[in-house]
Amino acid sequence: ALRQDKDRMPGDLMGAGRLGLPFFLVGAKSGPCDAVSSERSLNAELNNGRLAMLAIVGMISQNGFLGTTGASMWIPGAAFDKELGATMPFKYFDPLGLASDGDAGAFRRRRAAEIKNGRVAMWACMGYITPEYFRWPGYLSPSANLKFTDVPNGVAALSKVPA
């Protein structure tokens, strides 16, 4: 069966090849994985696997809260599928069905709010990323002897900035 052998790298299963596919499905022989030549693909598999784990948690949560993760959630609605923002791959995206009543006024208000909130979110992302590459010179708080370079990045900064 597909069990992790303690003499092989993690994920290098006896009787399986790339992505853990059993060899009886592809008709090949099993040999130990070469860590050096497989480093890029193993890193990609780890990162994609992490993303897939988050995605499946989201899908299961969505199914629990909304009752669907099926095609009906992704198929464009008839009322607003030609509006600005109806782009591939989702075309018209309304997973909660808020615009299913076809009210053009409510749609317009929600679309304006979506644009505004999207802009705020993009600025917030830039504000979160920028300190990784740039810090203002000088003091954030001269009275507390706190320099901009002394403030950590991310949420940790909240505990360092004086009130």
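This text goes with the structure placed above it.
Residues numbered from 1 in each chain as written. Predicted model: local features only at pLDDT ≥ 70, side-chain atom pairs only at ≥ 80, totals over all residues. Heavy atoms only, no water.

What follows deals with the overall build of the protein. For the protein, the count of helices and strands is four helices and two strands. Scanning the protein from its N terminus toward the C terminus, one meets helices and strands in the order α-α-α-α-β-β. Looking at the protein as a whole, 12% of its 163 residues qualify as buried. The long-range share in the protein, meaning contacts at least 24 apart out of those at least 6 apart in sequence, stands at 14%. (Helix = DSSP H or I, 4+ residues; strand = E, 2+ residues; numbered from the N terminus. Buried < 20%, exposed > 50% of the residue type's maximum accessible area, 1.4 Å probe, protein only. Contact = heavy atoms within 4.5 Å.)

Looking now at the packing of aromatic side chains. Evaluated as defined, the whole model comprises one aromatic pair. Seen in terms of ring centroids, Phe134 and Trp136 are 5.1 Å apart; in terms of plane orientation they differ by 80 degrees. Their pairing is edge-to-face. (Phe/Tyr/Trp six-rings, centres within 6.5 Å; stacked < 30°, edge-to-face > 60°.)

Take Glu132: it is sitting in the loop between helix 4 (104-129) and strand 1 (139-141). With a relative accessible area of 51%, Glu132 lands in the exposed category. In this structure the C-alpha to C-alpha distance between Glu132 and Gly154, which are 22 residues apart in sequence, comes to 9.1 Å. In terms of polar contacts, Glu132 uses its side chain to reach the side chain of Asn153, at 2.9 Å. (Polar contact = N/O pair within 3.5 Å; in protein donor to acceptor, adjacent residues only side chain to side chain.)

What follows covers the pattern of salt bridges. All told, the structure shown has one salt bridge when counted by the stated rule. Linking Arg111 and Glu114 is a salt bridge whose minimum nitrogen-to-oxygen distance equals 3.0 Å. Placement of both Arg111 and Glu114 in helix 4 is noted, with a separation of three residues, approximately one turn of the helix. By relative accessible area, which is 16% here, Arg111 ends up buried. For Glu114, a relative accessible area of 48% corresponds to the partly exposed category. (Salt bridge = Lys/Arg side-chain N within 4 Å of Asp/Glu carboxyl O.)

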